[in-house]
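One letter stands for each residue in the lines below.
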Amino acid sequence: MKERLILVGNGMAGMRTLEELLAIAPDQYDITVFGAEPHGNYNRILLSPVLAGEKTVEQIMLNDLDWYAERGITLHAGKAVIRLNRARRQVIAADGTVAPYDWLLLATGSDPIILPVPGNDLPGVITFRDIKDVQAMLDAACAGRKHAVVIGGGLLGLEAANGLMKQGMEVTVVHLLDVLMERQLDTEAAALLRTSLEERGLRFLMGAQTVAILGEERVKGVRFKDGLEIPADLVVMAVGIRPNIQLAKAAGIHCERGVVVNDTMQTYDPRIYAVGECVQHRGQTYGLVAPLWEQARVCANHLAHFGISRYRGSVTSTKLKVTGIDVFSAGEFGGGPGCDEIVLRDRARGVYKKLVVRDNRVRGAVLYGDTIDGSWYFQLLREKTDIGAFRESILFGQAHLGDAGHGGGNNVLAMPDEAEICGCNGVCKGVIVKAITAQKLFTLEEVRAHTKASASCGSCTGLVEQLLAATVGDYSKTSREKPLCACTEHSHDQVRKVIREQHLTSLRAVFDFMEWKTPDGCHSCRPAINFYLIAAWPGEARDDAQSRFINERVHANIQKDGTYSVVPRMWGGLTSPKELRAIADVADKFQIPTVKVTGGQRIDLLGVKKEDLPKVWADLNAAGMVSGHAYGKSLRTVKTCVGSEWCRFGTQDSTGLGVKLEKMTWGSWTPHKFKMAVSGCPRNCAEATIKDFGVVCVDSGYELHVGGNGGIKLRGTDLLCKVATEEEAMEYCGAFMQLYREEARYLERTAPWLERVGLAYVRQRIVEDGEGRKALHQRFLASQQYAQIDPWAERASGRVDAHEFQPLRRVG
Amino acid sequence: MYDWHEIGALDDVPRLGSRVVHTPHGGVAIFRTADDRIFALRDRCPHKGGPLSQGIVHGHRITCPLHNWVLELESGQAVAPDVGCATRYPVRVENGRLWLGLNDVVSLAAVT
Ligand SMILES: Cc1cc2nc3c(=O)[nH]c(=O)nc-3n(C[C@H](O)[C@H](O)[C@H](O)COP(=O)(O)OP(=O)(O)OC[C@H]3O[C@@H](n4cnc5c(N)ncnc54)[C@H](O)[C@@H]3O)c2cc1C
Ligand code: HEM
Ligand code: SF4
Ligand code: FES
């Protein structure tokens, strides 16, 4: 017989947990759900638009009754559970239903706080929590009742007030403090918000303490501490929520403010788990849905007895859902010691933006009137990005950054359905919106999986996030360091750290130590970990061919028809008649259809059959050429101009330096491809200022530039420093590459890496810390011993990976 | 019925790797997983014909090298949300030798 799982609380967190559970362990449990409300599960956060008349109740249903029936789940809708018998493992409902469980999940949410004032139980006094409350408000409006008083000027109160006003009532918002939404806004943004709500017709009573609700049969008015009385036909209390813990507490389960759970969402009774607003985790309770999604995922993992994931708490941000008013808030928006505030005020446009910054990191944000960059600031906040490089223009938004790649300014909401959002995969807005609503997607990952939007280069991620936010109508988002891939909860940085600290030298060791969820990883994590291993332990960690992408496994670039391209190395772009003859001979002999000069000053032989690769390489090797690594996350090419040897403007021997740099760095593996160039004078014919490392020669020495790239997001380099000699240029180059190899995340090019850690940091490590630079350079050279073995020669000899190039058998 | 062909030894295929058998009907990719299970699929991705044999094997799955579709080795089915299927072929391991079963009907279907 299957084990029995009972869920108490048919709401957002509990049901999300069941959905996650069914996705990973569909047949494990006999499931029964008790819910006090007489409905299926609905999207509570969309009650505000329902009240405002922008959505219907049907539109916000997440799981209708058929959903439960189709999955064989017993739903007791409308039956509140009143008692738990832990000794007998039973739940007892108000109508006397008794149900036994093996495992119990509590997700009882919160109760709205009711002010302890006389008259608080009069008809017409309600809260704002469920469908019943919304129905009562709509009924009051319909019955022609005029005066509504909303007590509480926080998110919920303002959304209720706005809805009631839309339904034709005269609404007064009563707030104890002088600042609206004081948990989210500073004085200035709150004042702007108040003005624009007043313009729409809301009235405010600030600094007013309610002492009594007046009336006999029904509510008639409200009295305040200063004696003022105002008329009221409807009073909505929106003064906060309190985790609903009665059931757990009465059963003797340890509770403080909420039901106390550990990182696996387990309560003090090991048979009982809890998720949602009713829990207290590491001292924290939550009132937004985004943290609940994470809790649900962790809890489902443990209910499925996988037992490997942990919840570590969430950072949240909020947005107000009042159509036409944009408010965003996140983090420590109030500032504090050592904090700077960067502020933009534009009264005429009704825009106010404030970022709280400490040590060049965003700590908090309040946006009013223009929230388009909210998700970007929130990302900078949670990733603790160094904003030094664009601090002066940060308030103009991400679209203002030259390399941002997407115009956050072109509001996605205003885009037509046909507008293409993801250029890589050709996905347009309509398709994404449809997928979000039809398949009930809530996270970026889900949208990626279902539509492929933002699944490739990622530059449209901001747009997709905005669409997601706009479509699910959610004012919250959460953060944590992104896991490396779906096989683990650990981030790139955590994996790297553990590899170094625990001296792990094989993929197996990493999977075991870090408790990977899959037996042998996937195509995302294996190449990343393989790189981290060989970068951390050169010569010691074995390079695992099966964890390399095909291009790096066979040392050539796969083409769309399954043939390969071959690019021999030409040091600094120099070649000779002998090499050219050999290339021409190879092209003839193996009937290579296309010969092309690449953008990096090399010759590309395209359309080589896989079986021919070793023979092609053998011929090229014979003429002295080695692999050009045009296929790898590795040093690609060093592009040079002719420099002082020939050019009338040349200041230094750019070609010679290019050759030396390439001889020093070829063969090294890097987090992503790494390109270099050396120009002989500031005319910069070798385009050194869009390379990962570029040298521009000047009369007095060498300017070193870093962090540039062409491609989708063009980025010019930053000047690292100027040095006087070739030897120094070489040392700085080696040190820079090594720092990048040791600290950037796999598949992160130097440009985004530099933006993440900040130019100041790289300068400090490479320029200011001379000892450190020398050590980095030495480590680079040490690892090159193991890297500078021509992979082509090894394979042409037939001794390495011969199986890669031969069919196993021909039959028939 | 299947026509069984001996195609080589288990150890000719690297763990978490793949080799190709050329047949009159096109390439068949032979995969070996970490737990030494052997699977055979037509060497053409249902997406845009990528050579599956060149992909990355993980668990009982293969990721295509061209655009990262993931297919179940057991069934040949693409993993949701992608939809598609690569033809399966039966394989047997006997005394360390590999046998591939080609069925005229199946393999003819595979070419068209
Ligand atoms: C109007 C409104 C707007 C909101 N807007 C947002 C927003 O924009 N963004 C955001 O992130 N969050 C928003 N929230 C908060 C969000 O809705 C909650 O965080 C979320 O619903 C909490 O989920 P939960 O499962 O913990 O509780 P709930 O969704 O409240 O579910 C608990 C369920 O358990 C039932 N229950 C309780 N006790 C028992 C019992 N003894 N027996 C049986 N059943 C029981 C309750 O009836 C309820 O149905 C909003 C909330 C409201 C009310
Ligand atoms: C991410 C998408 C990219 C892909 C798929 C891609 C693919 C390729 C391919 C197939 C080649 C030919 C090498 C060969 O066939 O062996 C090549 C070479 C080259 N690419 Fe890209 N490239 C990309 C991005 C870029 C970017 C962003 C730049 C920067 C300007 C760039 C600049 C070059 C240059 C200069 C060469 C010549 C390299 C050499 O001489 O070795 N590529 N690229
Ligand atoms: S960069 Fe200067 S030195 Fe080099 S080729 Fe151009 S003009 Fe001449
Ligand atoms: S061809 Fe296989 S994923 Fe595109």
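All of the points below concern the structure found in this document.

Conventions used here
- All residue numbers refer to positions counted from 1 along the written sequence of the respective chain.
- To read the labels, note that chains go from A and ligands from 1, taken in the order they are written.
- Where local features are concerned, this predicted model is filtered to residues with pLDDT of at least 70; where side-chain atom pairs are given and counted, the filter is 80 or more; whole-chain, interface and lining totals use all residues.
- Values reported for side chains reflect all heavy atoms of the structure, with hydrogen atoms and water molecules removed beforehand.
- Only DSSP runs of H or I with at least four residues qualify as helices, and only runs of E with at least two residues qualify as strands; both kinds are numbered from the N terminus onward.
- Relative accessible area decides the class of each residue, using a 1.4 Å probe on protein chains only: under 20% of the type maximum gives buried, over 50% gives exposed, and in between gives partly exposed.
- Note on definitions: a residue-residue contact is assigned when non-hydrogen atoms from the two residues lie within 4.5 Å.
- Residue-level accessible areas treat just the shown protein chains as cover; the underlying method is Shrake-Rupley with a 1.4 Å probe.
- Here the buried area means the combined drop in accessible surface, using a 1.4 Å probe, for two parts upon being joined, counting both sides.
- Salt bridges are counted wherever a side-chain nitrogen of Lys or Arg sits within 4 Å of a carboxyl oxygen of Asp or Glu.
- Within 3.5 Å is the distance limit for a polar contact, defined as a pair of N or O atoms, with the added protein rule that one can donate a hydrogen and the other accept it, and that residues adjacent in sequence qualify only through two side-chain atoms.
- If DSSP finds at least two bridges between two strands, the strands pair.
- If even one non-hydrogen atom of a residue comes within 4 Å of a molecule or strand, that residue is called near it.
- Gly is put with the polar residues, along with every residue not named as nonpolar or charged; the nonpolar set is Ala, Val, Leu, Ile, Met, Phe, Trp, Tyr, Cys and Pro, and the charged set is Asp, Glu, Lys and Arg.
- The domain boundaries here were taken from an automatic or database domain assignment.
- In what follows, a disulfide is any cysteine sulfur pair within 2.5 Å.
- Fitted lines through C-alpha atoms serve as axes, helices being fitted only where they are in contact, and the angles separating the N-to-C directions of these axes extend from 0 to 180 degrees.
- Pairing of aromatic rings covers Phe, Tyr and Trp, the last counted by its six-membered ring, and requires centre-to-centre distances within 6.5 Å; plane angles under 30 degrees mean stacked, over 60 mean edge-to-face, and any other angle means tilted.
- Remark: a charge is flagged as sitting over a ring if the NZ atom of Lys or the CZ atom of Arg is within 6 Å of the ring centre and within 35 degrees of the ring normal.
- Here a helix's expected span is defined as the number of its residues, less one, multiplied by 1.5 Å.

1. Side note on the overall build of chain B
Within chain B, the regular secondary structure consists of one helix and 10 strands. Traced from its N-terminal end to its C-terminal end, chain B shows the element sequence β-β-β-β-β-β-β-β-β-β-α. Considering chain B as a whole, with its 112 residues, one finds that 53% of them fall into the buried category. Considering only contacts in chain B between residues 6 or more positions apart, those separated by 24 or more positions represent 39%. Total accessible area computed for chain B in this model is approximately 4900 Å², and 48% of it derives from carbon and sulfur atoms.

2. Digging into the overall build of chain A
Counting secondary structure elements, chain A contains 24 helices and 40 strands. Burial analysis of chain A (812 residues in total) assigns 57% to the buried set. Considering only intrachain contacts with a sequence separation of at least 6, the fraction spanning at least 24 residues in chain A is 63%. Taken as a whole, chain A presents about 33800 Å² of accessible surface, with 50% of it coming from carbon and sulfur.

3. Description of the interface of chain A and chain B
With 30 residues of chain A at the interface, the matching set in chain B holds 33 residues. Both faces combined, the contact of chain A with chain B buries some 2500 Å², and carbon together with sulfur accounts for 59% of it. If you sort the residues of chain A by the area they bury against chain B, His-523, Leu-808 and Val-811 of chain A come out on top, with a joint share of 30%. Where chain A meets chain B, there are zero salt bridges. Seen at the junction of chain A and chain B, the total is 13 residue pairs in polar contact (both at pLDDT 80 or more). Of all the elements in the fold, those that place two or more residues in the side of chain A that touches chain B are helix H11 (444-451), helix H15 (525-536), helix H16 (550-554) and strand E40 (809-810) of chain A.

4. Looking at the sheet that holds E40 of chain A
The strand order across the open sheet formed by five strands is E40(A)-E2(B)-E3(B)-E4(B)-E8(B), and the pairing between neighbours is mixed. Sheet topology places E40 of chain A together with strand E8 (88-89) of chain B at the edges, where each strand pairs with a single neighbour. Note: E40 of chain A against strand E2 (residues 17-23) of chain B, two bridges, orientation parallel. Looking at the pairing, Arg-810 of chain A lines up with His-22 of chain B of E2 of chain B.

5. Quick word on the site of ligand 1
Residue and element names in this part refer to chain A. In the neighbourhood of ligand 1, 34 residues make up the surrounding shell, with Glu-37, Arg-129, Glu-277, Val-289 and Lys-321 lying closest. At 2.7 Å, a backbone N or O of Ala-13 approaches an oxygen atom of ligand 1. One of the backbone N or O atoms of Val-81 is found 2.9 Å from a nitrogen atom in ligand 1. Starting from 990 Å² of accessible surface for ligand 1 in isolation, the protein chains cover 95%. In terms of residue class, the shell around ligand 1 is made up of 16 nonpolar, 11 polar and seven charged. Taken domain by domain, the makeup of the shell around ligand 1 includes at least three residues from each of domain 1 (3-111 + 243-303) and domain 2 (125-239).

6. Digging into the state of the cysteines
Evaluation of the coordinates by the stated rule reveals zero disulfides over all chains. No disulfide involves Cys-522 of chain A; its sulfur sits 3.8 Å from that of Cys-487 of chain A, the nearest cysteine.

7. Considering the sheet that holds strand E35 (residues 635-640) of chain A
Residue and element names in this part refer to chain A. Read across the sheet, five strands follow the order E35-E36-E37-E38-E39 without closing on themselves; strand pairing throughout is mixed. Each edge of the sheet is formed by a strand with only one pairing partner; in this case those strands are E35 and strand E39 (718-723). Pairs of neighbouring strands in the sheet enclose a mean axial angle of 15°, with direction left out of account. Pairing analysis gives five bridges linking strand E38 (residues 701-706) to E39, with the strands arranged antiparallel. In the strand pairing of E39, Val-706 is matched with Asp-718. Here helix H20 (residues 726-743) sits on the sheet in contact with E35, strand E36 (674-679), strand E37 (693-698), E38 and E39, set at roughly 160° to E36.

8. A closer look at the pattern of salt bridges
Taken as a whole and judged by the stated rule, the model has 52 salt bridges over all chains. The partner of Asp-269 of chain A in a salt bridge is Arg-86 of chain A, with the nearest N and O atoms 3.1 Å apart. Here Asp-269 of chain A, found in the loop between strand E20 (259-261) and strand E21 (272-274), pairs with Arg-86 of chain A, found in the loop between strand E6 (81-85) and strand E7 (90-93); they are 183 residues apart in sequence, far enough to count as distant. Asp-186 of chain A is the salt-bridge partner of Lys-354 of chain A, the closest N and O atoms lying 2.9 Å from each other. Here the residue Lys-354 of chain A occupies a position in strand E26 (residues 351-358), and Asp-186 of chain A occupies one in the loop between strand E13 (170-175) and helix H6 (187-200), the gap between them amounting to 168 residues. No difference in accessibility class separates Lys-354 of chain A from Asp-186 of chain A, as the two residues are buried. Each of Asp-11, Arg-15, Arg-32 and Asp-36 of chain B takes part in a single network of salt bridges with overlapping partners.

9. Focus: the side chain of Asp-133 of chain A
Residue and element names in this part refer to chain A. On the secondary structure map, Asp-133 appears in helix H4 (residues 131-142). Overall, Asp-133 belongs to the buried group, its relative accessible area being 6%. For Asp-133, the contacting residues outside a window of four places in its chain are Ile-126, Thr-127 and Phe-128.

10. Concerning the packing of aromatic side chains
All names here are of chain A. This model, assessed by the stated rule, comprises 13 aromatic pairs over all chains. Relative to Tyr-68, the ring of Trp-67 lies with its centre 5.3 Å away and its plane at 80°, an arrangement referred to as edge-to-face. In this structure, Trp-67 and Tyr-68 share a single accessibility class: buried. Note on Trp-571 and Trp-666: the rings are 6.0 Å apart at their centroids and 75° apart in plane angle, and the pair reads as edge-to-face. Placement of the pair is Trp-571 in the loop between strand E32 (564-566) and helix H17 (577-589) and Trp-666 in the loop between helix H19 (654-665) and E36, with a sequence separation of 95 residues. Taken as a pair, Trp-571 and Trp-666 share a single burial class, namely buried. The structure contains a cluster of three or more aromatic residues connected by ring pairs, namely Phe-674, Phe-693, Phe-736, Tyr-740 and Trp-753. Its end group placed over the ring of Phe-649, Arg-683 keeps NZ or CZ at 3.7 Å from the ring centre.

11. A word on H15 of chain A
Since the α-helix packs 3.6 residues into each turn, any two residues three or four apart lie on the same face. Compared with an ideal rise of 1.5 Å per residue, which puts 12 residues at 16 Å, H15 of chain A spans 16 Å between its outermost C-alpha atoms and is within 8% of the ideal. With 11 of 12 residues buried, H15 of chain A is to be regarded as a mostly interior element. The elements touched by buried residues of H15 of chain A are helix H13 (492-501), helix H14 (507-513) and H20 of chain A together with strand E5 (56-58) of chain B.

12. Topic: unusual backbone geometry
Phi at Glu-515 of chain A is positive, roughly 55°, even though this residue is not glycine. Residue position: Glu-515 of chain A is located in the loop between H14 and H15. Phi angles above zero are rare outside glycine, and Asp-36 of chain B is one such case at about 65°. Within the secondary structure, Asp-36 of chain B is located in the loop between strand E3 (26-32) and strand E4 (38-42). Overall, the relative accessible area of 28% leaves Asp-36 of chain B in the partly exposed class.

13. A closer look at the environment of Gln-785 of chain A
Counting through the fold element by element, Gln-785 of chain A comes out in helix H23 (residues 770-787). As for Gln-785 of chain A and Ser-668 of chain A, which are separated by 117 residues in sequence, their C-alpha atoms are 9.6 Å apart.

14. A short note on the pairing of E4 of chain B
Residues and elements named next belong to chain B. Of all the five residues making up E4, five are buried; the element is thus mostly covered by neighbouring parts of the structure. Side-chain alternation along E4 places Ile-38, Ala-40 and Arg-42 on one buried face and Phe-39 and Leu-41 on a second face that is also buried. The pairing of E3 with E4 spans five bridges and is antiparallel. Within the sheet, the bridge partner assigned to Phe-31 lies in E4 and is Phe-39. In this antiparallel pair of consecutive strands, E3 and E4, the connection spans five residues, and Asp-36 shows a positive phi of 65°. In this sheet, E8 lies alongside E4 in antiparallel orientation, the contact comprising two bridges. Bridging from a neighbouring strand, Leu-41 pairs with Arg-88 of E8.

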